[in-house]
Amino acid sequence: MAIKHTTMKALFYATVMSFMTSLAVAQTVRIVDKNFNAPTGANVYGTLQEAADAAVSGDIIQVQPSATAYGNVTINKQVTLMGIGFNLTKEIPYQSTIGNVTLTSNVGSTENASGTVITGLTISTLTLGTIPGPAYTLANVSIYNNVITTLNSPSTAATIDAIDIYANDITS
């Protein structure tokens, strides 16, 4: 009987620890939508910068297709920035269009955009690794399935390591 009780107790604690671990690594999906019929709620934003500022590392930011571009955004934490992609065979081919996207660190370089994923967007200029403060390394970024007009890495850029850029349509 004591063995059965001990086994049940161990199983209970293992279940509780598993649940707590899953909460610790949970991510929030944030939606950016400029359309007239946009949903409302705690994690719905009208601008991309508002969503990026509200996000914590690991969050997903979904950019809805719109006839209106979403403007510029500076990202200084690890997020997944996800648009609908580009499907020009649709009757009204709305895209998730952004002005300039800058991947950087925060002012104290305690956090940066390493690990960020960018996919399914139309981007005017993508800038990798500007330095607003102390030096840092921008690493493990994946950029795929986007239309990008200009890809930029300034001469004062951070150290860039392991950036995967593939399956994009890059103009210059």
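So, here's what we can say about the structure. Quantities reported herein were computed from a predicted structural model and do not represent experimental measurements. (Residues numbered from 1 in each chain as written. Predicted model: local features only at pLDDT ≥ 70, side-chain atom pairs only at ≥ 80, totals over all residues. Heavy atoms only, no water.)

1. Topic: the sheet that holds strand β9 (residues 137–144)
Next, step 1: If you trace the 7 strands from one edge of the open sheet to the other, you get β2-β1-β3-β5-β7-β9-β11, paired in parallel fashion. Unpaired on one side and paired on the other, β2 (44–45) and β11 (159–166) mark the two borders of the sheet.
Next, step 2: Pairing of β9 with β11 involves 7 bridges; the strand directions are parallel. Directly across from V141, in β11, lies its bridge partner I163. (Pairing = 2+ DSSP bridges. Helix = DSSP H or I, 4+ residues; strand = E, 2+ residues; numbered from the N terminus.)

2. Comments concerning the side chain of T116
Next, step 1: By the element assignment, T116 lies in the loop between β6 (97–104) and β7 (117–119).
Next, step 2: At a separation of 3.3 Å, a polar atom in the side chain of T116 contacts the main-chain carbonyl oxygen of K77.
Next, step 3: Contacts of T116, omitting those with residues within four sequence positions, involve I75, K77, Q78, V79, L103, N140, V141 and S142. (Polar contact = N/O pair within 3.5 Å; in protein donor to acceptor, adjacent residues only side chain to side chain. Contact = heavy atoms within 4.5 Å.)

3. Topic: the packing of aromatic side chains
Next, step 1: One pass over the full model with this rule turns up 1 aromatic pair.
Next, step 2: The interplanar angle of 5° and the centroid separation of 5.2 Å between the aromatic rings of Y144 and Y166 together place this pair among those described as stacked. With Y144 in strand β9 and Y166 in strand β11, the pair connects residues that are 22 residues apart, well separated along the chain.
Next, step 3: Look at Y166 and you get partly exposed, because its relative accessible area is 43%. (Phe/Tyr/Trp six-rings, centres within 6.5 Å; stacked < 30°, edge-to-face > 60°. Buried < 20%, exposed > 50% of the residue type's maximum accessible area, 1.4 Å probe, protein only.)

4. Quick word on the pattern of salt bridges
Opposite charge on two side chains allows them to pair when their charged atoms are near.
Next, step 1: Within this structure, the stated rule accounts for 1 salt bridge.
Next, step 2: D59 is the partner of R30 in a salt bridge, and the nearest nitrogen-oxygen pair spans 2.8 Å. Of this pair, R30 sits in strand β1 (residues 29–32) while D59 sits in the loop between α2 (48–54) and β3 (60–63), and the two are 29 residues apart along the sequence. (Salt bridge = Lys/Arg side-chain N within 4 Å of Asp/Glu carboxyl O.)

5. Some thoughts on the sheet that holds β6
Next, step 1: Pairing in this open sheet of 5 strands is parallel, and the strands run β4-β6-β8-β10-β12 from one edge to the other. Lying at the two open borders of the sheet, with one neighbouring strand each, are β4 (73–75) and β12 (169–170).

6. Remarks on the nonpolar core
For soluble globular proteins, nonpolar side chains are generally found buried alongside one another.
Next, step 1: Counting residues in hydrophobic clusters, the biggest one holds 29 residues, and the most contacted among them are L48, I61, L81, V101, L103 and I118.
Next, step 2: Mapped onto this core, the elements with two or more residues apiece are α2, β3, β4, β6, β8 (122–130) and β9. (Core = buried A, V, L, I, M, F, W, Y, C linked by side-chain atoms within 4.5 Å.)

7. Focus on a nonpolar patch on the surface
Next, step 1: A cluster of nonpolar side chains, namely L151, I165 and I170, defines an oily patch on the protein surface of about 190 Å² accessible area.
Next, step 2: With respect to the secondary-structure elements, L151 resides in strand β10 (residues 147–152).
Next, step 3: On the basis of relative accessible area, L151 is assigned to the partly exposed category, the value being 31%. (Patch = residues over 30% accessible without salt bridge, like charges linked within 9 Å, V, L, I, M, F, W, Y side chains within 5 Å. Areas by Shrake-Rupley, 256 points an atom, 1.4 Å probe, with all protein chains shown as cover.)

8. Things to note about unusual backbone geometry
Next, step 1: You will see that N140, though not glycine, has its phi angle at about 55°, which is positive.
Next, step 2: At A162, a residue that is not glycine, the phi angle is positive and equals roughly 60°.
Next, step 3: Note that A162 resides in strand β11.

9. Quick word on the pairing of β10
Successive residues of a regular strand alternate their side chains across the two faces of the sheet.
Next, step 1: Bridging between β8 and β10 involves 5 bridges; their strand directions are parallel. By the bridge assignment, T125 is partnered in β10 with T150.
Next, step 2: Strand direction decides the pairing type here: β10 and β12, joined by 2 bridges, are parallel. Counted as the bridge partner of I148 is I170 from β12.

10. Let's talk about the side chain of T102
Next, step 1: Mapped onto the secondary structure, T102 falls in strand β6.
Next, step 2: A relative accessible area of 17% places T102 in the buried class.
Next, step 3: Those residues in contact with T102 that lie beyond four places of it in its chain are V73, T74, I75, T127 and T130.

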